[in-house]
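# Coordinates in review
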Amino acid sequence: MTREVPTAPSARPKKITAPWVAAAAEANRAGADRRLVVVTAYDFQQARVADAADVDVVLVGDSLANVVLGYDDTLSVTVDEMLHHVKAVRRGLSRALLVADMPYGSFHLSPQSAVENGIRFVKEGGAEAVKLEGARPKEIAALVDVEIPVMAHLGLTPQSIHRFGGYKVQGRGDAADALLVAAREVEEAGAFSLVLECVPAGLAAEITAALSIPTIGIGAGAGTTGQVLVYHDLLGMEERIAPRFVRRYAELGRASREALEAYAADVRAGRFPSDDESYGDPSRPTPSDTEPLTKLYGA
Ligand code: KIV
C-alpha cells in the first residue's frame, strides 16, 4: 500500500483513509504523536455518534454477536448478519475509516473464500477495509491483492476460543516470540495495521517498536499506536462482564434502565402523556391524565 508522507502532529485529514492510518507508526517515528482512536459500532446512530466524536476508525466488530445479537460467543455470527450492520454503519459515517470484521468461517477455508467475502463487505457494505483474526498471511495477501486493505488481529482472537480453551491472555513467557513472528508475518503479507488483544503490555510495546505498521491495542497496555474499545463496554451498556482493560466513560446501561423505569412509572400513574404531549381537537374533550381509566372505560 502507498503510505502517505508523515504529516505534522496536528494535521488531520478531512477523511481518514487506510494509508493515513498505515502511516501512523512512521509518522510517530518522525516526531508526530498520532495515537489512533478506534471504536466499534453496529448501527446508524452509533456510527453518527462515533463520527461526531471524531474517532479515526470505526470497526463493525464480530463482537456484534455478543453485544447486539446476544450469542454466547462470536463463532455463530454470519457474513449476512455482519453485512446488515456494516451497511447501517456506512450510512452514519462520513469521516472515520470503516472497517468490517470478517466473521468465523468467512476466510478460513481458502484465500479465495477470503477474497469473495471481503469483496462483499466492500461492494455491498461499503467497507473501506476488513479485519481478520489470526496469523493468516495467505488470506491477507489475497485480500490486499484485490485492493482491500486489511487490519490484522493477533493475541486473544475470540474466533480461536476453543483452541485457546477460554478467554486467556496470550503471549506470556515462551509464547511471546511466536507472537512477534506472527506480527512480522502479517505485516509482510501487507496488513496496514494490527490489533493486539489481551497481550502483556511489554510485549505489545516490543511488537509496536518492531513493526512499521501501527498497532491498535485492546488489553495490550499503553505502548501501542492506538486503542480500540467496544462501544457497549466504553459506554457502560454491557453490564454482564467487565474485563480489566475496559474503562467505562459513561453508565448508559444504568441510565437507560432508570429512564425506562421512570417512563413505566409515569404511564402506570397516568402522568404520561401530558396535554402538551397530546394533539387537541376543539370538537372533542381532551381526557385528563388524572382521570382513572375505569371512568374513561365507563366502568
Ligand atoms: O469484534 C470486535 O469488536 C473486535 C475488537 C475488540 C478489536 O475484534
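The structure we're discussing is the one just above.
Below, the structure is looked at part by part. Quick caveat: nothing in here was measured; it's all calculated off a predicted structure. (Residues numbered from 1 in each chain as written. Predicted model: local features only at pLDDT ≥ 70, side-chain atom pairs only at ≥ 80, totals over all residues.)

Okay, the sheet that holds strand β2 (residues 57–60) next. Backbone hydrogen bonds hold the strands of a sheet together, and the pairing may be parallel or antiparallel. Reading around the barrel, the 8 strands line up as β1-β2-β3-β4-β5-β6-β7-β8 and close back on themselves, with parallel pairing between neighbours. In this sheet, neighbouring strand axes are inclined to one another by 25° on average, regardless of whether the strands run parallel or antiparallel. Where strand β4 (residues 129–133) meets strand β5 (residues 150–155), 4 bridges bridge the pair, whose relative direction is parallel. The residue bridging Leu132 from the neighbouring strand is Ala152, located in β5. Contacts from helix α7 (residues 137–145) reach β4 and β5, with the element oriented near 165° to β5. (Pairing = 2+ DSSP bridges. Helix = DSSP H or I, 4+ residues; strand = E, 2+ residues; numbered from the N terminus. Axes fitted to C-alpha atoms, helices over the stretch in contact; angles between N-to-C directions. Contact = placed C-beta atoms within 7 Å.)

What follows concerns the nonpolar core. Of all hydrophobic cores here, the largest spans 75 residues; its most connected members are Val57, Val58, Val130 and Val150. Ranked by residue count, the leading element in this core is helix α5 (residues 79–92), at 5 residues. Not counting residues up to four positions away in its chain, the partners in contact with Val130 are Val99, Ala100, Met102, Gly118, Phe121, Leu143, Ile148 and Val150. (Core = buried A, V, L, I, M, F, W, Y, C linked by C-beta atoms within 7 Å. Buried ≥ 20, exposed ≤ 12 C-beta atoms within 10 Å, placed from the backbone.)

Moving on, we get to helix α9 (residues 175–189). Helix length check: α9 (15 residues) gives 21 Å between terminal C-alpha atoms against 21 Å at 1.5 Å per residue, within 8%. The complete set of buried residues in α9 reads Leu179, Ala182, Ala183, Val186 and Glu187. The buried residues of α9 occupy an angular sector of 135° when the element is viewed end-on, so they sit on one face. Among the exposed residues of α9, those pointing more than 90 degrees away from its buried face are Asp177, Val181 and Glu188. Among the structural elements, α7, β5, β6 (193–197) and α10 (201–210) are those in contact with the buried residues of α9. Remark: Gly190 follows α9 within two positions and exhibits a positive phi of approximately 115°. (Expected span 1.5 Å × (residues − 1). Arc of directions from axis to C-beta.)

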